[in-house]
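# Understanding the architecture of this molecule
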Amino acid sequence: MKAFKTLTSAALLFGIAAATPAAAQEPELDPQAVSAATRYGLPIAYDGFRSACRDLLPADGFFARNEERLAIKFAEGAEGSWPEAKAALMQIASKEADGADAILSGMPDEALKPFVDSLFQNMLAQEIKPENCGDIERGLELLDPMPVENIAELLGFIIELDNRAERKKRAAALEQQSGNQSE
């Protein structure tokens, strides 16, 4: 499951929100925003996968035979999801106490997009472990027959479920911690 989630940089995007203690008490992000961010992030995630795994996969495998076609498939139409992906990013950044939202919201899209794209692609490439490359390749092969919008919706849904579970874990841990302090 972890290798599957690594397929999309949106997982990282929403992982940032999940990493903050305040996120445990914040309302969930709009599922449509999660899917839009996932759709926008698919080509970025795919590029991160390519960087991390290209040399580790079989030269005659699914990825090698379909590398460029998949890049085109994921890239086509992703740009149209930027406005909602940006809104989700700003919602996450607004939860941070360090003023990240003010910095990001002040950047024009032509500066913000390359910054976000590069950041997430590099983060994703670092998150992918060599032992997961084959699993991710298999996941790509299973998802390939689906239209890219359905892939984004499915991955967005998985991210939503994972984030919901993480929020519940953090809330339970905070509740337990506050209960222990009052004893």
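Residues numbered from 1 in each chain as written. Predicted model: local features only at pLDDT ≥ 70, side-chain atom pairs only at ≥ 80, totals over all residues. Heavy atoms only, no water.

## A few points about the nonpolar core
Counting residues in hydrophobic clusters, the biggest one holds 21 residues, and the most contacted among them are L42, Y46, F49, F74 and I128. Elements represented by at least two residues in this core include exactly α3 (31-53), α4 (62-75), α8 (133-143) and α9 (148-181). By size, the runner-up hydrophobic cluster in this structure holds twelve residues, among which are Y40, W82, A93 and F120. (Core = buried A, V, L, I, M, F, W, Y, C linked by side-chain atoms within 4.5 Å. Buried < 20%, exposed > 50% of the residue type's maximum accessible area, 1.4 Å probe, protein only. Helix = DSSP H or I, 4+ residues; strand = E, 2+ residues; numbered from the N terminus.)

## As for the pattern of salt bridges
Inspection of the entire model under this criterion finds eleven salt bridges. Linking D144 and R69 is a salt bridge whose minimum nitrogen-to-oxygen distance equals 2.5 Å. Of this pair, D144 sits in the loop between α8 and α9 while R69 sits in helix α4, and the two are 75 residues apart along the sequence. By relative accessible area, D144 is classed as buried at 15%. One salt bridge connects K73 with D144, and the closest N-O pair in it is separated by 3.1 Å. Placement of the pair is K73 in helix α4 and D144 in the loop between α8 and α9, with a sequence separation of 71 residues. (Salt bridge = Lys/Arg side-chain N within 4 Å of Asp/Glu carboxyl O.)

## Let's talk about the packing of α3 against α9
Two quantities define a packed helix pair, namely the angle between the helix axes and the distance between the axes. Where α3 meets α9, the axes come as close as 8 Å, and the angle between the chain directions of the two elements is 125°. With respect to α9, the axis of α3 lies oblique. The two elements α3 and α9 cross, and the hand of that crossing is right-handed. The residues of α9 that touch α3, namely those facing P31, V34, S35, T38, R39 and L42, are V148, E149, I151, A152, E153, L155, G156, I159 and E160. Among the residues forming the contact of α3 with α9, the class breakdown is eight nonpolar, three polar and four charged. (Axes fitted to C-alpha atoms, helices over the stretch in contact; angles between N-to-C directions. Parallel < 35°, antiparallel > 145°, perpendicular 65-115°, else oblique. Left-handed = near helix turned anticlockwise from the far one by under 90°. Contact = heavy atoms within 4.5 Å. Nonpolar A, V, L, I, M, F, W, Y, C, P; charged D, E, K, R; others polar.)

## What about the state of the cysteines?
This model, assessed by the stated rule, comprises one disulfide. Put simply, C53 and C133 are joined by a disulfide, and their sulfur atoms are 2.0 Å apart. Handedness of the C53-C133 disulfide follows from its S-S torsion of about -75°: it is left-handed. Within this pair, whereas C53 is found in helix α3, its partner C133 is found in helix α8, the two being separated by 80 residues in sequence. With a relative accessible area of 1%, C133 lands in the buried category. (Disulfide = S-S within 2.5 Å.)

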